[in-house]
There are 2 protein chains.
Amino acid sequence: MLNDDPALRAREETRQRVRQAVKELGYQPNRIARSLRTATSNTLGLVIPNFENPIWAVVVDGAETEADARGKTLIVASAARTPGRVQQFLDLGAHGGLDGILIATAGQTDTPPADAPVPWLLLNRRAEGSRRYLLLDDEAAAHRATTALIDLGHTRIAHLSGPAHAESAGRRTSGYRKAMADHGLAPGPILEADYSFTGGNTATDALLAAGAETTGVVVANIASASGLLVGLRAHGKHVPDDISVIAIHDHPLAGAFDPPLTTVSMPLFEMGRRAVALLLDTDPQDAIEETIPDGIELIPRASTAPPKA
Amino acid sequence: MLNDDPALRAREETRQRVRQAVKELGYQPNRIARSLRTATSNTLGLVIPNFENPIWAVVVDGAETEADARGKTLIVASAARTPGRVQQFLDLGAHGGLDGILIATAGQTDTPPADAPVPWLLLNRRAEGSRRYLLLDDEAAAHRATTALIDLGHTRIAHLSGPAHAESAGRRTSGYRKAMADHGLAPGPILEADYSFTGGNTATDALLAAGAETTGVVVANIASASGLLVGLRAHGKHVPDDISVIAIHDHPLAGAFDPPLTTVSMPLFEMGRRAVALLLDTDPQDAIEETIPDGIELIPRASTAPPKA
DNA sequence: CTGAAAGCGCTAACAA
DNA sequence: TTGTTAGCGCTTTCAG
């Protein structure tokens, strides 16, 4: 009766009286006791690498939206300062503390075993021996970005990649390579940044040294691209007249960059949303190997133009 | 023994054997049962308005750092899509589900009653009838920003404020007013944006209409400032030659803006850190009315210069 | 010092 | 259909 069970046969008036009493007495069911009893919590966890990178904001938003729609509470934490965060959430989630965990981090130990105490799903990362992941089509996005430069007439195109240890970075690099090959072009210099402003900024020297004749750069993300823009400016290079820059992932602030940055957007909100749906709707034992098919889109701004010569 | 209680007298060898057994059997204490028994959870909650605004990333970072240092788990959620998020966390926290809650949102119903089931603290918001808050010195930051323009020689300075319902926005506006008054200047036009890119962008028209002779603008935050920069560019106005722009709160990406945006940084990390410390170290019944004293700093970039005429 | 037992508040199973 | 009870796993208390 306290749970307002509709299967329970009782007069509507009685129901009302109970509800009234519950309200007046301020009765709050003890969730802890309930969780102990049922080994469920109506709560989902999400571990992201950090809160700085704005792409996670969108993923979280999508995940929260879907969780809310299903009456679940989503709690988020980052592994930025604590490599053991995934393990911590696994502990939190054991014995029904969490009904499921989404893992967006890429640490060595961030892939739970198959017999983990909580259902889990990796976000945009494949891992050796795991068959539970939801991917963005990073390769297609990088391919799209590279093709955009090629379509403008560029042939000498460099790539500022993400860190070697990130699996998604590898898929982007591979999309860049494929696009070049598809158009019969030799890949240009590939330099490793680390998805950060500083990484992109310090890579500027190497980029200019590696290929003086480079007219376009495909950058693995916005933060690196912003660093690159600042670096190029410092070297007296003009974007896009001297060199075109395009980055993967979009963000509103990219429109305020100098110059406004052309990007390729990815379905981040949908990834968060879909991840929660998959986590709740599938058997934790089943494999999930899914890539989000749509939502890759060119956002043209002012950092790309045909090569001058 | 299982808790490795140091008060317990036992041979070191025995301790080792127990630890070994615990490890081998993979024993994990049931946190739920423990919470039910002790009405504590070693977990803290933080509710932020959204994940998009990058300032929250820094606050969360500070809070996570302090929580980690104290062996607590911090969980985060946003109220972006769900106005009832604070209530939801209050429910989560009742009966020891959370040891405390930090509230950074500013909704009408986001101030818990004094007899809330969980200790709580408001972040950068004073609320009618509450005496539990930790503030940034928004007034000082706005004063600093305004003074920076005045020091450059500006006298016709406008203010692009935050939304009227945000208490922090009011403190910034008041800092702007005071700085103007301190230098014997009449306040310029004050326009309300909503802390967003779009808000700043659409306010451009009104700003240019309100004061044609305006040579400087103090913007309440970076997102609005980025929208304003784009808007001014669209109107053919050159920053800083035609008009100087300075914003409150700093972010690395502001260095990539067109032009790089001069800002005043705030001690956001420290706010997160201090908030966790206060939440854990004070009696939940005691009043906390604290403002973080230091950490306000001018970050000079290229969007500010002396007025031309 | 060691071991047994009560009980946190809930739900599910069972008995009436 | 309704009311009663056992028990989730832990900590704390109390008896041995």
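Given the structure is predicted, the values throughout are model-derived calculations rather than measurements. (Residues numbered from 1 in each chain as written. Chains lettered and ligands numbered in written order. Predicted model: local features only at pLDDT ≥ 70, side-chain atom pairs only at ≥ 80, totals over all residues. Heavy atoms only, no water.)

*Asks:* Looking at this structure, how should I read the overall build of chain A?
*Replies:* Scanning chain A for helices and strands turns up nine helices and twelve strands. Over its C-alpha atoms, taken along the principal directions, chain A stretches across nearly 85 × 40 × 35 Å. Taking the contacts inside chain A whose residues are at least 6 apart along the sequence as the reference set, 70% of them involve residues at least 24 apart. Surface summary for chain A: the accessible area is close to 13,400 Å², and the carbon and sulfur share equals 51%. Charge separation in chain A, taken as the distance between the mean sites of 29 positive and 37 negative side-chain charges, equals 6 Å. (Helix = DSSP H or I, 4+ residues; strand = E, 2+ residues; numbered from the N terminus. Contact = heavy atoms within 4.5 Å. Areas by Shrake-Rupley, 256 points an atom, 1.4 Å probe, with all protein chains shown as cover. Lys, Arg positive; Asp, Glu negative; His and termini not counted. Charge placed at Lys NZ, Arg CZ, Asp CG, Glu CD.)

*Asks:* Would you explain the protein's contact with DNA strand D in this entry?
*Replies:* Close to DNA strand D lie twelve residues, the nearest being R37(A), Y27(B), N30(B), R34(B) and R37(B). Backbone atoms, meaning sugar and phosphate, make up 76% of the atoms of DNA strand D lying within 4 Å of the protein. Contact distances for DNA strand D include 2.8 Å between a phosphate oxygen and a side-chain N or O atom of Y27(B). Residue N30(B) places a main-chain N or O atom 2.7 Å away from a phosphate oxygen belonging to DNA strand D. If one sorts the elements of the surface near DNA strand D by residue count, helix 2 (residues 31-38) of chain B sits on top with four residues. When the residues that make up the surface near DNA strand D are grouped by side-chain class, the tally is four nonpolar, four polar and four charged. (Near = heavy atom within 4 Å. Polar contact = N/O pair within 3.5 Å; in protein donor to acceptor, adjacent residues only side chain to side chain. Nonpolar A, V, L, I, M, F, W, Y, C, P; charged D, E, K, R; others polar.)

*Asks:* Help me understand the interface of chain A and chain B, please; the structure alone is not making it clear to me.
*Replies:* Many descriptions give the size of an interface as the accessible area lost when the pieces come together. Counting residues at the interface gives 49 residues for chain A, matched by 49 residues for chain B. Linking chain A with chain B are six salt bridges, by the criterion used here. Between R81(A) and D61(B) there is a salt bridge; the shortest N-O distance is 2.6 Å. Counting across the chain A and chain B interface gives 19 residue pairs in polar contact (both at pLDDT 80 or more). When contributions to the side of chain A that touches chain B are tallied by element, the ones reaching two or more residues are helix 2 (31-38), helix 3 (54-69), strand 2 (73-78), helix 4 (85-93) and helix 8 (222-234) of chain A. Examining the composition of the side of chain A that touches chain B, we find that seven residues originate from one element, helix 3 of chain A, more than from any other. Residue composition of the side of chain A that touches chain B, by class: 24 nonpolar, 14 polar and eleven charged. (Salt bridge = Lys/Arg side-chain N within 4 Å of Asp/Glu carboxyl O.)

*Asks:* Quick question: what am I supposed to make of the relation of the copies chain A and chain B here?
*Replies:* The second copy of the chain is related to the first by a rotation about an axis and a shift along the axis. Aligned on chain B, chain A shows an RMSD of 0.1 Å; the corresponding rotation is 180° and the shift along the axis is 0.0 Å. With respect to symmetry, the two chain copies, as superposed, fit the operation of a two-fold axis. A share of 100% of the interface residues of chain A reappears at the interface of chain B, consistent with the copies meeting face to face through the same patch. (Least-squares fit on C-alpha atoms with pLDDT ≥ 70 in both.)

*Asks:* Could you clarify how one ought to interpret the packing of aromatic side chains in this entry?
*Replies:* By convention here, two paired aromatic rings are described through the distance between centres and the angle between planes. Inspection of the entire model under this criterion finds two aromatic pairs over all chains. With a centroid separation of 5.9 Å and an interplanar angle of 5°, the aromatic rings of F51(A) and F51(B) are classed as stacked. You can see F51(A) sitting in the loop between strand 1 (43-48) and helix 3 and its partner F51(B) sitting in the loop between strand 1 (43-48) and helix 3 (54-69), one on each of two chains. Considered together, F51(A) and F51(B) belong to a single accessibility category, that of buried residues. Geometrically, the ring pair formed by F257(A) and F257(B) is tilted, given 6.2 Å between the ring centres and 35° between the ring planes. With F257(A) in the loop between strand 9 (244-248) and strand 10 (262-265) and F257(B) in the loop between strand 9 (244-248) and strand 10 (262-265), this pair bridges two chains. Each member of the pair F257(A) and F257(B) is classed as buried. (Phe/Tyr/Trp six-rings, centres within 6.5 Å; stacked < 30°, edge-to-face > 60°. Buried < 20%, exposed > 50% of the residue type's maximum accessible area, 1.4 Å probe, protein only.)

*Asks:* Is there a simple way to think about the packing of helix 7 (residues 197-210) of chain B against helix 8 (residues 222-234) of chain B in this case?
*Replies:* The angle between the axes and the distance between the axes are what describe a pair of packed helices. Residue and element names in this part refer to chain B. Packing of helix 7 against helix 8 leaves a shortest axis separation of 6 Å and a crossing angle of 50°. One way to sum up the angle between helix 7 and helix 8 is to call them oblique. Crossing angle aside, the handedness with which helix 7 passes helix 8 is right-handed. Here F197, G200, N201, T204, L207 and L208 of helix 7 come into contact with helix 8, specifically with A223, S224, S226, G227, L228, V230, G231 and L232. Of the residues contributing to the contact of helix 7 with helix 8, the split by class is seven nonpolar, seven polar and no charged. (Axes fitted to C-alpha atoms, helices over the stretch in contact; angles between N-to-C directions. Parallel < 35°, antiparallel > 145°, perpendicular 65-115°, else oblique. Left-handed = near helix turned anticlockwise from the far one by under 90°.)

*Asks:* Quick question: what am I supposed to make of the environment of M266(A) here?
*Replies:* Residues and elements named next belong to chain A. Its location among the elements puts M266 in the loop between strand 10 and helix 9 (268-281). A relative accessible area of 8% means that M266 is categorised as buried. Residues contacting M266, with those up to four places away along its chain left out, are L136, D137, D138, A141, I248, H249, G295 and I296.

*Asks:* Help me understand helix 2 of chain A in this model?
*Replies:* Side chains that are three or four residues apart share a direction in an α-helix, a result of its 3.6 residues per turn. Between a side-chain oxygen at the N-terminus of helix 2 of chain A and the backbone nitrogen of I32(A) the separation is 2.8 Å; the capping residue is N30(A). Immediately beyond the C-terminal end of helix 2 of chain A, within one or two residues, lies A39(A), with a positive phi of roughly 55°.

*Asks:* Can you walk me through the nonpolar core in this structure?
*Replies:* One finds L46(A) and L46(B) to be the most contacted residues of the largest nonpolar core, which totals 84 residues. Apart from the residues within four sequence positions on either side, L46(A) is in contact with V60(A), A63(A), L74(A), I75(A), V76(A), A77(A), F89(A), L102(A) and L123(A). In terms of nonpolar packing, the next biggest core, distinct from the first, is built from 46 residues, L261(A), V219(B), V245(B) and A256(B) among them. (Core = buried A, V, L, I, M, F, W, Y, C linked by side-chain atoms within 4.5 Å.)

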